[in-house]
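Letter by letter, the chains look like this.
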Amino acid sequence: AKDGYKHFMLKEIMEQPKVLRDCLVGRLQDDRVCLPELDGLPVPGSIRIIACGTSYNAGLWSQYYLEQFAEIPVIVEIASEFRYRKPILKADELIVVISQSGETADTLGALRLCKEKGYPVVGICNVLGSSVAREASACLYTQAGPEISVASTKAMLSQMVLLLLLALYYGQRKNADCSHAKKLRAGILNELKALPEILEGALPVMRDKAKKFAYQYAYAKSFFYLGRGTAYSLALEGALKLKELSYIHAEGYATGEIKHGPIALIDPDFPTFALAFDDDNFNKVCSGILEIKSRQGNVIALLQEGTELENNDLWYIPQTKLPEFLALPAMQLFSYEMADYLGKDVDQPRNLAKSVTVE
Ligand code: F6R
């Protein structure tokens, strides 16, 4: 049931505070992360994350946190590319496959290939008893609940929670006694624990803002999505959501890359959705935005409260050290409102299926 919402997608976006809470149930003990599913596996020397689509974007996002907190090198791969190369895996590598449905053919193919080579594979899945969940050496279930709308929304958020927990978990196992690392982990855990309430408070305002910007920018034939650091993978995801739902051409780019070619596209009819989080990248991201504006590009800039930028269309989200968990729903709502306004079939976009069981 849609619980009174017009579409499943909207319902699933609005459920995300609950998803955040559910994902943490049983996973925290004081300042420690519990992933008992992995206790029997050794701490890997490196991690290779393999997935498709939105799940790939979640994997790419986690690279920053795994490297920061677990200090483990990470490679993130598209499943359909990985499985048809002759990949060279390191001896102490851990494979992590991410799949909401657990039935995506390419992801499952990659899992089988790695298992045949004798590697442990951890699955991050939402559907209980799915093929990935059954065949993986260990499975971390995301607690997103059934996702009906074809476009992945709350599933990605739940994957991000699990991946962040994974980074903290390996950090714990590697740096158990380092008080500085312990403090950093406790700090980010506190941010994570505070998120459900922050998101709950922010969602109604976000929806209004999303609607306003969707109407204002519905003229666009193309959109850039830009982000740097942890916002980069979110920019890819924002672009994916806009194209799959509203059929508006959208490209996600690393902010630092636009001057290497893409900025040639900018003109008054080619708008940009820029993510400018309050982190070490903020000033660089702002100068990227100014470059676009000086070429007459229109920009929606998503900022955190307490920061400033000279721009007409500002979208403020609350202050937190994990702004990704707020920016993601904001972009989901923007795509949702755009698709609905343009009269598209939100829950069943053309040419798409919920799980892609063919190669
Ligand atoms: C986009 C979307 C897809 C899936 C992809 C992988 O909104 O839903 O890109 O993320 O098909 O699906 P799973 O995670 O089920 O393997």
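As a reminder, the structure under discussion sits directly above these lines.
Along every chain, residues carry numbers that run from 1 in the direction the sequence is written. pLDDT decides what is reported in this predicted model: residues at 70 or higher carry local features, side-chain atom pairs at 80 or more are listed and counted, and totals for whole chains, interfaces and linings draw on all residues regardless. By convention in this description, side-chain values take in all heavy atoms of the structure and omit both hydrogens and water.

A short note on the nonpolar core
Heads up, the rule is: Side-chain atoms within 4.5 Å are what join buried Ala, Val, Leu, Ile, Met, Phe, Trp, Tyr and Cys residues into a set we call a nonpolar core. The rule is simple: take the accessible area with a 1.4 Å probe, protein chains only, and divide by the maximum for that residue type; under 20% is buried, over 50% is exposed, in between is partly exposed. Labels follow the DSSP assignment, with helices taken as runs of H or I lasting at least four residues and strands as runs of E lasting at least two, numbered in each case from the N terminus. Every residue pair with non-hydrogen atoms within 4.5 Å of one another is taken to be in contact.
By size, the foremost hydrophobic cluster in this structure holds 92 residues, and its most contacted members are Phe223, Trp315, Phe325 and Phe334. Sorting elements by how many residues they give to this core places helix H7 (residues 154–174) first, with 13 residues. When residues no more than four places from it in sequence are discounted, the contact partners of Phe334 are Ala210, Phe213, Ala214, Phe223, Tyr225, Leu242, Phe273, Ile300 and Trp315. Grouped together as the second largest cluster of nonpolar side chains are 18 residues, Ile266, Phe270, Val285 and Ile289 included.

Quick word on the packing of helix H3 (residues 53–70) against helix H9 (residues 232–246)
Stated precisely, the cut-off is as follows: Only the contacting stretch of a helix is used when fitting its axis, a line to C-alpha atoms as for every element, and angles between N-to-C directions run 0 to 180 degrees. Angles are sorted into four bins: roughly parallel if under 35 degrees, roughly antiparallel if over 145, roughly perpendicular if 65 to 115, and oblique for all others. A crossing counts as left-handed when the near helix is turned anticlockwise from the far one by less than a right angle, and as right-handed when that turn is clockwise. Throughout, the ten residues Ala, Val, Leu, Ile, Met, Phe, Trp, Tyr, Cys and Pro are labelled nonpolar, Asp, Glu, Lys and Arg are labelled charged, and all others, Gly among them, are labelled polar.
Packing of H3 against H9 brings their axes to within 8 Å, and their N-to-C directions diverge by 165°. Classified by the angle their axes make, H3 and H9 are roughly antiparallel. Read as a crossing pair, H3 and H9 show a hand that is left-handed. Along the contact surface, H3 presents Gly53, Thr54, Asn57, Leu60, Trp61 and Tyr64, while H9 presents Tyr232, Ser233, Leu236, Glu237, Leu240 and Lys241. The class makeup of the residues in the contact of H3 with H9 is six nonpolar, four polar and two charged.

Some remarks on the sheet that holds strand E11 (residues 299–304)
Note the threshold: Criterion used throughout: strands pair if DSSP finds at least two bridges between them.
In space, the five strands of this open sheet follow the order E9-E8-E10-E11-E12, with parallel pairing throughout. Each edge of the sheet is formed by a strand with only one pairing partner; in this case those strands are strand E9 (249–254) and strand E12 (313–317). The average undirected angle you get between the axes of adjacent strands in this sheet is 20°. Relative to strand E10 (residues 272–276), strand E8 (residues 222–227) runs parallel, the two sharing three bridges. When the bridges of E10 are listed, Leu226 appears paired with Ala274. Lying on the sheet, helix H11 (residues 324–341) is in contact with E8, E10, E11 and E12; it crosses E8 at an angle near 175°.

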